[in-house]
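# Overview (structure and organization)
Given next are the chains, with one letter for each unit.
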Amino acid sequence: MRKAFPIIILFLLFRLTAISQQHLQFSFNHYDMNNGLAAYDAGSIAQDEEGFIWIGTIDGLQRFDGNRFITFRHNPANTYSLPDNYIMTIHYDKNKRLWILFGNGKIGIFNTRNFQFKEVAIKTSDPRMLVSDRSLFEDSKGNLLYFFPGIDILTLNEAQDEFTPDYNTFKLPANFKVWTIKEDLKTGKLYIGCD
């Protein structure tokens, strides 16, 4: 019986290990223009608090609910429609707003409940930069920066409803060109990569 005891223990351990290892099953679906996507170039994606997936494409904004797509495009007859179909970037911020950056340089908020777009003003010394490379950066305090690598940084002023360098929370030495911004989430400090 003493020799059988270790064998029984090993058998039970093996059996327990075999039961505890479950195979994870993943399901993948491929979406393209044949089954719902507005364009092959979908450059940005975000998920809202209700679980909807928002996709920015070169031919409009799309909402995906897991089964079907709803597409939003520019409509000249509707002043609340998107101002352009070419969407560069979308960003869902801490205040549960869907920000959209367009190829034509405009930026604004798309209301995900009533599907209306509201443009936000941009004040800059050089309007040509609005069609350059750009992105949005949000820090842990909710400050939203409209970032133009190597050119400028504009900060959103909620009260004035505009992006401008006048509201930047930091000053850089003259002639510094910013190429990247990162935040240490533990300390809240920004690390700014310059030329």
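Residues numbered from 1 in each chain as written. Predicted model: local features only at pLDDT ≥ 70, side-chain atom pairs only at ≥ 80, totals over all residues. Heavy atoms only, no water.

## Topic: the sheet that holds strand E4 (residues 69-72)
Strand order in the open sheet made by the four strands is E1-E2-E3-E4, with antiparallel pairing throughout. The sheet terminates laterally at strand E1 (42-47) and E4, the two strands that pair on one side only. Strand-to-strand twist across the sheet, computed as the mean angle between neighbouring axes with direction ignored, equals 20°. Direction of pairing for E1 relative to strand E2 (residues 53-57): antiparallel, over a ladder of five bridges. The residue of E2 that forms the bridge with Gln47 is Ile53. (Pairing = 2+ DSSP bridges. Helix = DSSP H or I, 4+ residues; strand = E, 2+ residues; numbered from the N terminus. Axes fitted to C-alpha atoms, helices over the stretch in contact; angles between N-to-C directions.)

## Focus: the sheet that holds strand E12 (residues 152-157)
Spatially, five strands are ordered E9-E13-E12-E11-E10 in an open sheet, and the strand pairing comes out mixed. The open sheet has two edge strands, strand E9 (121-122) and strand E10 (135-138), and neither has a second partner. Strand direction decides the pairing type here: E12 and strand E13 (residues 162-164), joined by three bridges, are antiparallel. Note that in E13 the partner of Thr155 across the bridge is Thr164.

## Here we look at empty space enclosed by the protein
Unfilled space is identified by rolling a water-sized probe across the atoms. Scanning the model with the defined rule gives one cavity of 30 Å³ or more in all. Lining the largest cavity we find Asp139, Asn143, Leu145, Thr169, Phe170 and Leu190. Each residue belonging to the lining of the largest cavity can be placed in one class, and the counts come to three nonpolar, two polar and one charged. (1 Å grid on protein atoms, 1.4 Å probe; cavity = no way out; pocket = protein on both sides within 12 Å on 5 of 7 lines; lining within 4 Å. Points joined across faces, edges and corners; volume = space filled by probe spheres on them. Nonpolar A, V, L, I, M, F, W, Y, C, P; charged D, E, K, R; others polar.)

## Comments concerning the environment of Pro127
Residue position: Pro127 is located in the loop between E9 and E10. We classify Pro127 as exposed; its relative accessible area is 55%. On a C-alpha basis, the gap between Pro127 and Gly105 in space is 8.7 Å, while along the polypeptide they are 22 residues apart. (Buried < 20%, exposed > 50% of the residue type's maximum accessible area, 1.4 Å probe, protein only.)

## Focus: the pairing of E10
Two faces belong to every sheet, and in a regular strand the side chains alternate between them. The pairing of E10 with strand E11 (residues 144-148) spans four bridges and is antiparallel. Within E11, the residue paired with Glu138 across the bridge is Leu144. Taken together, E10 and the strand that follows it, E11, pair antiparallel across an intervening segment of five residues, in which Gly142 is found at a positive phi of about 90°.

## Topic: the packing of aromatic side chains
Two numbers describe a pair of aromatic rings. These are the distance of the centres and the angle of the planes. Applying the stated criterion across every chain yields a total of ten aromatic pairs. For the pair Phe102 and Phe117, a centre-to-centre distance of 5.3 Å together with 85° between the ring planes defines the contact as edge-to-face. Highlighted residues: Phe102 in strand E6 (residues 98-102) and Phe117 in strand E8 (residues 117-119), separated in sequence by 15 residues. Both residues of the pair, Phe102 and Phe117, belong to the buried class. These aromatic residues form a ring-pair network of at least three members: Trp54, Phe72, Phe110 and Phe115. The ring of Phe52 carries the charged tip of Arg63 above its face, separated from the ring centre by 3.9 Å. (Phe/Tyr/Trp six-rings, centres within 6.5 Å; stacked < 30°, edge-to-face > 60°. Lys NZ or Arg CZ within 6 Å of the ring centre and 35° of its normal.)

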